[in-house]
Amino acid sequence: MRMPGALWMVLGLALLLGAGVALAVTATDPGPPQAVLQRDRPANAIALGVLGDSNSHSYHDRLAFPPGSGGRGGAQIARTFNWPEVLARLRGGELDPGPWLEWGSANEVSGARRAVGLPVGRVPRKEDYLYNFAVSSAGCDDLTTGRLSQARHLALLMDKEPERWRRAVVVIYIGLADWIPLLELQARDPDAPQLQQTIDRCVARQAEAIAVVRERHSGVRFLIAGLVNEIDDPGQFEHFRSAGESRNVDLALGRFNAALRGLAERTPGAAFFDSHAWFRKHWGSRGPDGLPNAYRTVTIGSFQVSNTVGDEPRNALVADYHAGTVWNALWAQAVVQQLKDGLGLSLTPVTDAELWRYLQPLVAPAGLKAPGS
């Protein structure tokens, strides 16, 4: 039977469009440049992979946070860094997050590449360290499913450098995107089935991520980071202002972190980093009545940082409610110690004096010389 002329035209247009998509998705290789993979690095440096969310997505990614956008430090971005950026500066000779580069497949291209069976590299395209697959707003499912599939894409990148990953570590720090929307439920009923379902799903996804990587690179070790308590965020200070609500949120979060700790304990070559305990060690918590009036001020060197919000470094959080430079520097210091103590990595601890030397020029008032420099 003859096909009507109009239908032929539609089919031809579809073929042309399909060819255009194919050309678009094959025009660029999603893999990093070969020169990047063959670069020199310190002989004893341990490869460091990162899976996670906005807590670990580098602040100086100009694709995600364009100049003038106001995010991640706003006008203070030049002296605002997150923990992978701090680690690269303090321990880049011992922990190798890969070179800084723009790499990956944009969201609209990655689906087309997958549809025709092509690799997608890192999703989305971002400017970050090569081995950092953390993406802002990512949830637990994004570790192993969907367009991000962070662990799967990291494992494929590892395939290009197998020797480099024989002695390596991956930090997994994710879950707040799944947990924060349930904050009111946590405060009302810490035993709610939905909370346990979320905990089980997030722990399962992290276990899957570990299995995905180890299936191809069995020697990789893992640091699993727990969550902080969201009611310690100044953005929540007008909410959950009772002892009962505060206690309930603590109970719910305790179950989540206990489940993550359990995963680390039953996984050979894994360790747990207690972010919640770390925060409380430095800034404390709400008072016994649930009111946010009992937080301490952190002093490092001659500089003080309060549990407040603002782009100036004296605030624990920047204006978009992500950790500020001092928070991230202290967190990086603690991560190095846990990699050493919990996983037995041969790393040089970051001393308080070293951390203060690093922070001095970053916390000094703009245009003024850092104290003691």
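The model shown is predicted, which means the values in this text are computed figures rather than measured ones. (Residues numbered from 1 in each chain as written. Predicted model: local features only at pLDDT ≥ 70, side-chain atom pairs only at ≥ 80, totals over all residues. Heavy atoms only, no water.)

Draft legend 1. Structural view of the side chain of S56. Examined against the element boundaries, S56 turns out to sit in the loop between β1 (46–52) and α3 (83–91). For S56, the side chain forms a polar contact with the side chain of W83, separated by 3.1 Å. Setting aside anything within four residues of it in sequence, one finds S56 in contact with V50, N82, W83, P84, N132, A134 and Y173. (Helix = DSSP H or I, 4+ residues; strand = E, 2+ residues; numbered from the N terminus. Polar contact = N/O pair within 3.5 Å; in protein donor to acceptor, adjacent residues only side chain to side chain. Contact = heavy atoms within 4.5 Å.)

Draft legend 2. How the structure looks around the nonpolar core. Counting 51 residues, the largest nonpolar core has W278, W283, W327, W331, L339 and L359 as the members making the most contacts within it. If you tally residues by element for this core, the top one is helix α11 (residues 325–343), at eleven residues. Ignoring sequence-local partners within four residues, the contact set of L339 consists of L95, V169, L223, G344, L345 and L347. L37, F133, F256 and L260 belong to the second largest nonpolar core, which has 50 residues in total. (Core = buried A, V, L, I, M, F, W, Y, C linked by side-chain atoms within 4.5 Å. Buried < 20%, exposed > 50% of the residue type's maximum accessible area, 1.4 Å probe, protein only.)

Draft legend 3. Expanded view of the packing of aromatic side chains. Evaluated as defined, the whole model comprises 14 aromatic pairs. Judged by centre distance (5.0 Å) and plane angle (70°), the rings of F273 and W331 are edge-to-face. Taken together, the residues span a long stretch of sequence, with F273 in strand β7 (residues 270–273) and W331 in helix α11 at a distance of 58 residues. Through a chain of ring-to-ring contacts, the aromatic side chains of F237, W278, F279, W283, Y295 and W327 assemble into a single cluster. (Phe/Tyr/Trp six-rings, centres within 6.5 Å; stacked < 30°, edge-to-face > 60°.)

Draft legend 4. A look at the packing of α3 against helix α12 (residues 352–363). As a packed pair, α3 and α12 sit with axes 12 Å apart at the nearest point and diverge in direction by 110°. Considered as vectors, α3 and α12 are oriented roughly perpendicular to each other. The element α3 and its partner α12 pack so that their crossing is right-handed. In contact with V86, R89, L90 and R91 of α3, α12 contributes E354, L355 and Y358. Across the contact of α3 with α12, the residue classes break down as four nonpolar, no polar and three charged. (Axes fitted to C-alpha atoms, helices over the stretch in contact; angles between N-to-C directions. Parallel < 35°, antiparallel > 145°, perpendicular 65-115°, else oblique. Left-handed = near helix turned anticlockwise from the far one by under 90°. Nonpolar A, V, L, I, M, F, W, Y, C, P; charged D, E, K, R; others polar.)

Draft legend 5. Structural detail: helix α10 (residues 275–282). Buried residues of α10: S275, H276, W278, F279 and H282, and no others. Down the axis of α10, the buried side of the element spans an arc of 160°, and every buried residue falls inside it. A side-chain oxygen of the first residue of α10 lies 3.3 Å from the backbone nitrogen of H276; this N-cap is D274. Downstream of α10 by a residue or two, G284 has a phi angle that is positive, lying close to 85°. (Arc of directions from axis to C-beta.)

Draft legend 6. Inspection of the pattern of salt bridges at higher detail. Following the criterion strictly, the structure yields 20 salt bridges and no others. In this structure, R261 engages D274 in a salt bridge whose closest nitrogen and oxygen atoms are separated by 3.1 Å. With R261 in helix α9 (residues 243–265) and D274 in the loop between β7 and α10, this pair connects stretches of sequence that are 13 residues apart. A single salt-bridge network, built from bridges that share partners, covers R39, R41, D96, E161 and R164. (Salt bridge = Lys/Arg side-chain N within 4 Å of Asp/Glu carboxyl O.)

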